[in-house]
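This is what each chain is made of:
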Amino acid sequence: MSITVKYFAVLREETGKSQDIIQFQQGMTVSDVWRTIMDKDMPTDIKVAVNMEYTRHDASLKDGDELAFFPAVTGG
Amino acid sequence: MSITVKYFAVLREETGKSQDIIQFQQGMTVSDVWRTIMDKDMPTDIKVAVNMEYTRHDASLKDGDELAFFPAVTGG
Amino acid sequence: MKVEITESVFNPYEVIAQYQSSLDKDGRFGATASFVGSMRDFNDNQKVTGMMLEYYPGMTEKHIEKICQNAIEKWSLLDVMVIHRVGEISIGDAIVAIGVWAAHRGDALDACKHILEDLKSQAPFWKKEQTKEGQRWVKNNTSGYVKSEE
Amino acid sequence: MKVEITESVFNPYEVIAQYQSSLDKDGRFGATASFVGSMRDFNDNQKVTGMMLEYYPGMTEKHIEKICQNAIEKWSLLDVMVIHRVGEISIGDAIVAIGVWAAHRGDALDACKHILEDLKSQAPFWKKEQTKEGQRWVKNNTSGYVKSEE
């Protein structure tokens, strides 16, 4: 019963890690995970993907999901 | 005192020639030249260049001009 | 700026890459937009087997240079090149290649499209297609979109 | 369709020409639009000396494939390829190359621009620039036009 959490770019640097494995709890949303890990509310400009698809901050999670947090993208 | 007249594409084929040299007459316009050579009025869809610049059917000519008649362009 | 009319088969990407390497502007351009027009085997609902492209030596080059110069002034471009084939052309051959170098992508892409549209509507070239039923002069260029022809 | 992420320097025109020669669609496409984004030595009013490009392995490829698929459906395209560099990048290096093959020019050019804009606004890549004053994460992509930055 776990969720993989990935961090990219400035978030990877700020947290000092590229990945966490956290305990999955029934009814957990994306922003619940952020609050659990960071101990503060999730800023509105953070981008989120679940299982490599963009999603909303209030999206519900399920056991085994891969969650990713990252800033605005700057490729191309 | 002459004007060089060039024909391109279907006009070159219809007239059976790629170039004429005609006598220049004071006050001559592009459509006057057409009428002199073709013995009929100039169709509105014929394109005209004088000295390699697009111009109008009623443009005046001067001695030594290079005049060109051609259909709609289809390059690219 | 480079404008070239050629009777020979050319490899458009080699020509663009070669011209770029002559520019000595590495680090200044962030965006290159290019367009290559090639000969299709189908036009106006008919199978085409070959083509002859006529032009107006002198005027054609001059007019394309003017089109490029206008684009350089309207957008913020670092350089532009156009190469256009004339004479006898086979299926699959490149007919035209346009390269546009700019600091930014929007300028490069918009200018490339604009140069192409100006070239197609104004530059003195005339296509004569070979079909099974014989030869025919192309009357007008198409709109540029599949959907508008359906 | 081809989507590739690479850590190696690539020659964009060679990649586009090679992919085209693998297509076996000579005579079907009349139009190829391409875009190459290269690393500039200047951004946001500062001299840049190098760059690191981070991505999200798996999601990045998947998302670019989706962008291409959407474009293929919206316009009438014959094929699309995207190659994007990641890792350590030097001034003048190609960062991204997009190739779009279509029967007609409008479809190819419009789709190329659209794919690029989608890629820049959505595909998970992050640039960290090296300047004399140190490293900095790029916060947002520019609008794409010189004029909007003046």
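Described below are features of the structure shown in this document. (Residues numbered from 1 in each chain as written. Chains lettered and ligands numbered in written order. Predicted model: local features only at pLDDT ≥ 70, side-chain atom pairs only at ≥ 80, totals over all residues. Heavy atoms only, no water.)

Another aspect to go through is the relation of the copies chain C and chain D. Once chain C is rotated about the relating axis by 180° and shifted along it by 0.0 Å, it coincides with chain D to within an RMSD of 0.0 Å. Look at the turn and shift together and you get a two-fold axis relating the two. In this assembly, 100% of the residues forming the interface of chain C have copies in chain D that are likewise at the interface, indicating an isologous arrangement. (Least-squares fit on C-alpha atoms with pLDDT ≥ 70 in both. Contact = heavy atoms within 4.5 Å.)

Chain C puts 43 residues into the contact, and the matching count from chain D is 43 residues. Roughly 3,800 Å² of surface becomes buried between chain C and chain D when both sides are summed, with 52% attributable to carbon and sulfur atoms. Summed over the three residues of chain C that lose the most area to chain D, namely Tyr13, His104 and Arg105 of chain C, the buried surface amounts to 21% of that side. At the boundary of chain C and chain D, one finds four salt bridges. Of all the secondary-structure elements, those providing two or more residues to the side of chain C that touches chain D are helix H1 (12-21), strand E2 (31-38) and helix H3 (105-122) of chain C. When residues in the side of chain C that touches chain D are grouped by element, the largest group, ten residues, is from H3 of chain C. Taken together, the residues that form the side of chain C that touches chain D break down as 16 nonpolar, 14 polar and 13 charged. Bridge count between E2 of chain C and strand E2 (residues 31-38) of chain D: seven bridges; the pairing is antiparallel. (Buried area = accessible area lost by both parts, 1.4 Å probe. Salt bridge = Lys/Arg side-chain N within 4 Å of Asp/Glu carboxyl O. Helix = DSSP H or I, 4+ residues; strand = E, 2+ residues; numbered from the N terminus. Nonpolar A, V, L, I, M, F, W, Y, C, P; charged D, E, K, R; others polar. Pairing = 2+ DSSP bridges.)

Attention shifts here to the side chain of Ser31 of chain B. Locating Ser31 of chain B in the fold gives a position in helix H2 (residues 30-38). Contact partners of Ser31 of chain B, with chain neighbours within four places excluded, come to Met42 and His57 of chain B.

What follows covers the interface of chain C and chain B. Contact residues are listed per partner, giving 28 residues for chain C and 20 residues for chain B. Across the interface of chain C and chain B, roughly 1,900 Å² is buried in total on both sides, 56% from carbon and sulfur atoms. Counting the surface chain C buries against chain B, the share from its top three residues, Tyr56, Met59 and Trp126 of chain C, is 34%. For the pair chain C and chain B, the interface holds four salt bridges. Across the pair Lys66 of chain C and Glu53 of chain B runs a salt bridge, and its minimum N-O distance is 2.7 Å. Across the contact surface, chain C and chain B share 16 residue pairs in polar contact (both at pLDDT 80 or more). At the level of elements, strand E5 (50-55), helix H2 (59-74), strand E8 (94-102), H3 and strand E9 (125-131) of chain C are the ones that each hand at least two residues to the side of chain C that touches chain B. Tallied by class, residues from the side of chain C that touches chain B come to 14 nonpolar, seven polar and seven charged. (Polar contact = N/O pair within 3.5 Å; in protein donor to acceptor, adjacent residues only side chain to side chain.)

Below, the discussion takes up the packing of H2 of chain C against H3 of chain C. If you want to describe how two helices pack, look at the angle between their axes and the distance between the axes. All names here are of chain C. For the pair H2 and H3, the least separation of the axes is 10 Å and the interaxial angle reads 150°. One way to sum up the angle between H2 and H3 is to call them roughly antiparallel. Considering how the two elements wind past one another, H2 and H3 form a crossing that is right-handed. Between H2 and H3, the contacting residues are His63, Ile64, Ile67, Ala71 and Lys74 on the first element and His114, Ile115, Asp118, Leu119 and Gln122 on the second. Residue composition of the contact of H2 with H3, grouped by class: five nonpolar, three polar and two charged. (Axes fitted to C-alpha atoms, helices over the stretch in contact; angles between N-to-C directions. Parallel < 35°, antiparallel > 145°, perpendicular 65-115°, else oblique. Left-handed = near helix turned anticlockwise from the far one by under 90°.)

So, on to the pattern of salt bridges. Per the counting criterion, the structure on display carries 30 salt bridges over all chains. Close ionic contact of Asp20 of chain A with Lys17 of chain A constitutes a salt bridge, the shortest N to O distance being 2.9 Å. Residue class for Lys17 of chain A comes out partly exposed when judged on its relative accessible area of 31%. In this structure, Glu117 of chain C and Arg105 of chain D form a salt bridge, with 2.9 Å as the shortest nitrogen-oxygen distance. A residue pair is termed interchain when its members come from two chains, as with Glu117 of chain C in helix H3 and Arg105 of chain D in helix H3 (residues 105-122). The class for Glu117 of chain C is partly exposed, based on a relative accessible area of 28%. (Buried < 20%, exposed > 50% of the residue type's maximum accessible area, 1.4 Å probe, protein only.)

All right, on to the environment of Gly92 of chain C then. Looking at the secondary structure, you find Gly92 of chain C in the loop between strand E7 (87-89) and E8. We classify Gly92 of chain C as partly exposed; its relative accessible area is 24%. When the C-alpha positions of Gly92 of chain C and Tyr13 of chain C are compared, they lie 14 Å apart, and in sequence the two are 79 residues distant. Ignoring anything within four residues of it in the chain, the contact list for Gly92 of chain C reads Ser38 and Met39 of chain C together with Asp26 and Gly27 of chain D.

The next point concerns the sheet that holds strand E4 (residues 53-54) of chain B. All names here are of chain B. Strand order in the open sheet formed by five strands is E2-E1-E5-E3-E4, with mixed pairing between adjacent strands. Where the open sheet ends on each side, the last strands, each with one partner, are strand E2 (19-23) and E4. Two elements, strand E3 (residues 47-50) and E4, share two bridges in a ladder whose sense is antiparallel. Bridging from a neighbouring strand, Val50 pairs with Glu53 of E4.

Paired through backbone hydrogen bonds, the strands of a sheet run either parallel or antiparallel to each other. Reading across the sheet, the eight strands line up as E1(C)-E6(C)-E8(C)-E2(C)-E2(D)-E8(D)-E6(D)-E1(D) and stay open at both edges, with mixed pairing between neighbours. Each edge of the open sheet is held by one strand with a lone partner, namely strand E1 (2-6) of chain C together with strand E1 (2-6) of chain D. On average, adjacent strands in this sheet sit at an angle of 5° to one another, irrespective of strand direction. Pairing geometry for strand E6 (residues 77-85) of chain C and E8 of chain C, over seven bridges, is antiparallel. From the neighbouring strand, Met81 of chain C faces E8 of chain C, where its bridge partner is Gly99 of chain C. Each of E2 of chain C together with E1, E2, strand E6 (77-85) and strand E8 (94-102) of chain D is contacted by helix H1 (residues 12-23) of chain D, which is oriented at about 30° to E8 of chain D, the strand it contacts most. Sitting on the sheet, H3 of chain D is in contact with E2 of chain C together with E2, E6 and E8 of chain D, with an inclination near 145° to E8 of chain D.

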